[in-house]
Amino acid sequence: MDIVVCIKQVPDTTDVKIDQKTGTLIREGVPSIVNPDDKHATEEALRLKEQFGGKVTAISMGPPQADDALREVSAMGVDELILLSDRAFAGADTWATSYTLGQAVQKVGYDLVICGREAIDGDTAQIGPQMAEHLGLPQITYVRKVEVQGDKIVCERALEDGYEIVEAKLPALITVISDLNKPRYPSVRGIVDAYREKEVKVWGAADVSCDENCIGLTGSPTEVKKTFAPEPKGEGELLEGTVDEMARQLVVKLKETNVLRQVG
Amino acid sequence: MEFGLSKEQELMRKTVREFAEKELEPIAADIDESAEFPDETVKKLGELGFMGITVPKEHGGAGMDEVSYAIAIEEISRICASHGVTVSVHNSLVCWPIDKFGTEEQKEKYLKPLASGEKLGCFGLTEPNAGTDAGAHTTVAVKEGDKYIINGSKVFITNAGKADIAIIFAMTDKSKGTRGISTFIVENDFPGFSTGMVENKMGIRGSIQSELVFDNMEVPAENLLGGEGKGFKVAMATLDGGRIGIACQALGIAQAAYEASIQYAKEREQFGKPLGKFQAIQWFLADMATEIEAARLLVYKAAFAKWKGKSYTVEAAMAKLFASDVAMKATRNAIQIHGGYGYTKDYPVERFYRDAKITEIYEGTSEVQKMVISGSLLR
């Protein structure tokens, strides 16, 4: 079973501070990490490989330093590493990014594509689903359990208040959430191999036969009007007492703030 | 000159740190309290390759450099010094001498399972009446045909009681003093091998130190390591590397004490402001940060010298002498910053303080390090 995992290098947002004047992220000195959901995607790919054989390829689109993220998943056990890096890709929104990644995935060949649900720096959760559309694949999102049965994949798809079981014929694309598994740690030997033995293939626009109108800024229909940090929410207030008492207090407060108004 | 770490070394730090924070932190205080050896996490460390970090791949290790090894022990000890010494002893006092002095057969038979973490090792040098004074050993090995019969005992042996394989030292010719010492690789199921009392210690309580007892223990002659009479040389060379490991342990403990102090100085308020606003506290923190940085430079430099095949005896002694002293100061002042709370088990700094003390003692006391250093100055 050949599996492609799409990963992204992101700033560790647990450390990120926002520049109050410009409303943008202060990236200086913030360590880069492999996007957490993508580690779960990698782990699942490695488990399926251990079960069914085949090979796992990780693809990342990003600047040259994303090389480190690929080597980190290599140290977890990923076989092949591809970095999509080209000035022509710069400025891509999720539409152009998913098209570009899709072209690369197509070139690699696959039975299954696994993406993390979303990246912690953009929070769109759009890449996986859009890539499935570009590739004409069935997709299952928010996956929390995976089972491969012959030529189909059966997944538990998380909902807000439960889950549903969805199956799809392979090849397919799934996006996964952190409940799915516990990512393994890179092994010491894996770290050594990642930097001494493994090769990160760098592919540009020409290598993945992209339509130049569909990549980078040109291929991006999204226009960003403004980015800003939302106003911090005021401190919440906890009501105490029995349910009845709390309900009464709540009604009083809602009236005070004119959310509820007495009619007549 | 280049002070930065390589990408490989950086990924090593990131990986160990994540492992230590997620897997060791939740049990560090518990194993200190219960003095239980953490079998499960030591096994996990082995599976990930931390039990043969610098051992070449063909002998079951990861083939990494000495600086990466230093980083691993530092990061493990930053969270749990007990795991730190368990891993350090196994790597530098057991795997290293077999890799350095062993025959191909010995490497195949013993180094492979040790480096892959399948088996645990210990190093038996110290005796009840011969700690630093290695020439006064009373453990004796007598050759009979194709085996040695060994009698005697060892004390304070880290990992003993849990270890499958021990590197031990015995007199093959008492009349020659230190030139009459030989090294043997022994298995814990050799006839006549047993372990004795487990030490009840002040710190590093999640690691195990026990007696080794040899009662007419039979050891095949091919288990002699490095040749008859070469034991003192093997021991001294091995301890040079071991000292880097303990210096890393001290560094990790000091770093932990410093980080706990920074956090406390920001959180704790007195007289209407955080402790960190008081100059007395700022000075503690400034001294800690500076001394830890100096210790780190000495430790990494010793590891670097070993990695590059240069002489590192003096560098290792300086690193251990200085880092263990820094660990004592940093942990003592961390408790001072924490005040009464620091003296309780509600905060980890009292554990750091107890753990730090041993780094001034084992694998050569601070006084021995000064002997080693001054010996090289006055030659």
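Coordinates for the structure precede this section.
Attention here is on the structure that accompanies the text. Values in this document were obtained by computation on a predicted structure and should not be read as measured data.

1. A word on the interface of chain A and chain B
Taken together, the contact between chain A and chain B spans 19 residues of the former and 21 residues of the latter. Both faces combined, the contact of chain A with chain B buries some 1700 Å², and carbon together with sulfur accounts for 57% of it. A per-residue breakdown of the area chain A buries against chain B is headed by Tyr185, Val188 and Arg189 of chain A, which together make up 40% of the total. Viewed at the interface, chain B and chain A are joined by seven salt bridges. Ionic pairing is found between Glu197 of chain A and Lys57 of chain B, a salt bridge with its closest N-O pair at 3.7 Å. Mapped by element, the contributors of at least two residues to the side of chain A that touches chain B are β5 (32-34), α2 (67-76) and α5 (188-196) of chain A. The greatest single-element share of the side of chain A that touches chain B, amounting to seven residues, is contributed by α5 of chain A.

2. Some points on the packing of aromatic side chains
What the rule picks out here adds up to 10 aromatic pairs over all chains. For the pair Phe123 of chain B and Phe169 of chain B, a centre-to-centre distance of 5.1 Å together with 70° between the ring planes defines the contact as edge-to-face. Here Phe123 of chain B, found in strand β1 (residues 121-124), pairs with Phe169 of chain B, found in strand β4 (residues 165-171); they are 46 residues apart in sequence, far enough to count as distant. The buried category is assigned to Phe169 of chain B, whose relative accessible area is 0%. Look at Tyr264 of chain B and Tyr347 of chain B: their rings are 5.5 Å apart centre to centre, the planes differ by 85°, and that puts the pair in the edge-to-face class. Linking Tyr264 of chain B in helix α6 (residues 231-267) with Tyr347 of chain B in the loop between α8 (313-338) and α9 (349-357), this pair joins segments that are 83 residues apart in sequence. Aromatic ring contacts, followed pair by pair, group Tyr185 of chain A together with Phe19 and Phe50 of chain B into a single cluster. The ring of Trp203 of chain A has Lys107 of chain A sitting right over it, with the charged end atom 4.3 Å from the ring centre. Of note, Lys273 of chain B hangs over the ring of Phe278 of chain B, and the distance from its end group to the ring centre comes to 4.8 Å.

3. What to know about the environment of Glu74 of chain B
All names here are of chain B. Inspection of the secondary structure puts Glu74 in helix α3 (residues 66-79). The class for Glu74 is buried, based on a relative accessible area of 2%. In the structure, Glu74 is positioned 222 residues away from Arg296 in sequence and 9.4 Å away in space, judged by C-alpha atoms. When neighbours within four sequence positions are excluded, Glu74 is seen to be in contact with Arg13, Cys248, Leu251, Gly252, Arg296 and Tyr300. At a separation of 2.5 Å, a polar atom in the side chain of Glu74 contacts the side chain of Tyr300.

Conventions we followed
Residues numbered from 1 in each chain as written. Chains lettered and ligands numbered in written order. Predicted model: local features only at pLDDT ≥ 70, side-chain atom pairs only at ≥ 80, totals over all residues. Heavy atoms only, no water. Contact = heavy atoms within 4.5 Å. Buried area = accessible area lost by both parts, 1.4 Å probe. Salt bridge = Lys/Arg side-chain N within 4 Å of Asp/Glu carboxyl O. Helix = DSSP H or I, 4+ residues; strand = E, 2+ residues; numbered from the N terminus. Phe/Tyr/Trp six-rings, centres within 6.5 Å; stacked < 30°, edge-to-face > 60°. Buried < 20%, exposed > 50% of the residue type's maximum accessible area, 1.4 Å probe, protein only. Lys NZ or Arg CZ within 6 Å of the ring centre and 35° of its normal. Polar contact = N/O pair within 3.5 Å; in protein donor to acceptor, adjacent residues only side chain to side chain.

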